[in-house]
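Letter by letter, the chains look like this.
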Amino acid sequence: MLIKFGVDISRLNREIRRMLPAIDNLYQRQTGREAVVTSTYEGDHGLNSLHYCNDAIDLRLPRKKLSAVVDELEMQIGKDFDVVEETNHIHIEYDPAK
């Protein structure tokens, strides 16, 4: 897994940090490339975003197989995580209270 310059993963809460290797493995299996984390708490997010609670990451969109990546992430990382295809990234958050 690659981390975009300026992105800090050190504050991520345990549950989402523990999923990073699985997320990267799924991403690589579908695309042949490492996942790139483009945002955690830094940047501009919605007012109630879980990014500010250190429970969310954004991934760079793959060049191909986007729907396959999103579908497999949704199926494999567990019911406590939301995977959302945004216009310019894949948003993943730990949200067990949904």
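Just above sits the structure.
Here's a quick rundown of the structure. (Residues numbered from 1 in each chain as written. Predicted model: local features only at pLDDT ≥ 70, side-chain atom pairs only at ≥ 80, totals over all residues. Heavy atoms only, no water.)

This part takes up the pattern of salt bridges. For the structure shown, the criterion picks out two salt bridges. A salt bridge links glutamate 72 to arginine 29; its shortest N-O distance comes to 2.5 Å. In this pair, glutamate 72 is assigned in helix 2 (residues 66-76) and arginine 29 in helix 1 (residues 14-31), connecting sequence segments 43 residues apart. With a relative accessible area of 53%, arginine 29 lands in the exposed category. The shortest N-O distance in the salt bridge between lysine 79 and aspartate 80 comes to 3.6 Å. Taking the relative accessible area as the measure of exposure, lysine 79 reaches 68% and is therefore exposed. (Salt bridge = Lys/Arg side-chain N within 4 Å of Asp/Glu carboxyl O. Helix = DSSP H or I, 4+ residues; strand = E, 2+ residues; numbered from the N terminus. Buried < 20%, exposed > 50% of the residue type's maximum accessible area, 1.4 Å probe, protein only.)

Once that is clear, we can look at the pairing of strand 2 (residues 36-39). Here strand 1 (residues 2-3) runs beside strand 2; their pairing, made up of two bridges, is parallel. Residue pairing for strand 2: leucine 2 is matched across the bridge by valine 36. In this fold, the crossover linking strand 1 to strand 2 by way of helix 1 has left-handed handedness. In this structure, strand 2 lies alongside strand 3 (residues 56-59), joined through two bridges in antiparallel fashion. Within the sheet, the bridge partner assigned to valine 37 lies in strand 3 and is leucine 59. (Pairing = 2+ DSSP bridges. Right-handed = clockwise from strand over helix to strand, strands pointing away.)

Relative to the assigned elements, glutamate 42 resides in the loop between strand 2 and strand 3. Here aspartate 8 takes part through its backbone nitrogen, which lies 3.3 Å from a polar atom of the side chain of glutamate 42. Beyond its immediate chain neighbours, meaning those up to four positions away, glutamate 42 contacts Gly6, Val7 and Asp8. (Polar contact = N/O pair within 3.5 Å; in protein donor to acceptor, adjacent residues only side chain to side chain. Contact = heavy atoms within 4.5 Å.)

Grouped together as the largest cluster of nonpolar side chains are 22 residues, with contacts concentrated most on Ile23, Ile57, Leu59, Leu73, Ile77, Ile90 and Ile92. Listed by contribution, the elements that provide at least two residues to this core are helix 1, strand 3, helix 2, strand 4 (81-85) and strand 5 (90-94). For this core, the leading source of residues is helix 1, giving six residues. (Core = buried A, V, L, I, M, F, W, Y, C linked by side-chain atoms within 4.5 Å.)

A separate point is the packing of helix 1 against helix 2. Contact pair helix 1 / helix 2: the axes reach a minimum separation of 9 Å and the direction vectors enclose 145 degrees. By crossing handedness, the relation of helix 1 to helix 2 is classed as right-handed. Counting all contacts with helix 1, which are made through Ile23, Leu26, Tyr27, Arg29, Gln30 and Thr31, the residues of helix 2 involved are Ala68, Val69, Glu72, Leu73 and Gln76. Tallied by class, residues from the contact of helix 1 with helix 2 come to six nonpolar, three polar and two charged. (Axes fitted to C-alpha atoms, helices over the stretch in contact; angles between N-to-C directions. Left-handed = near helix turned anticlockwise from the far one by under 90°. Nonpolar A, V, L, I, M, F, W, Y, C, P; charged D, E, K, R; others polar.)

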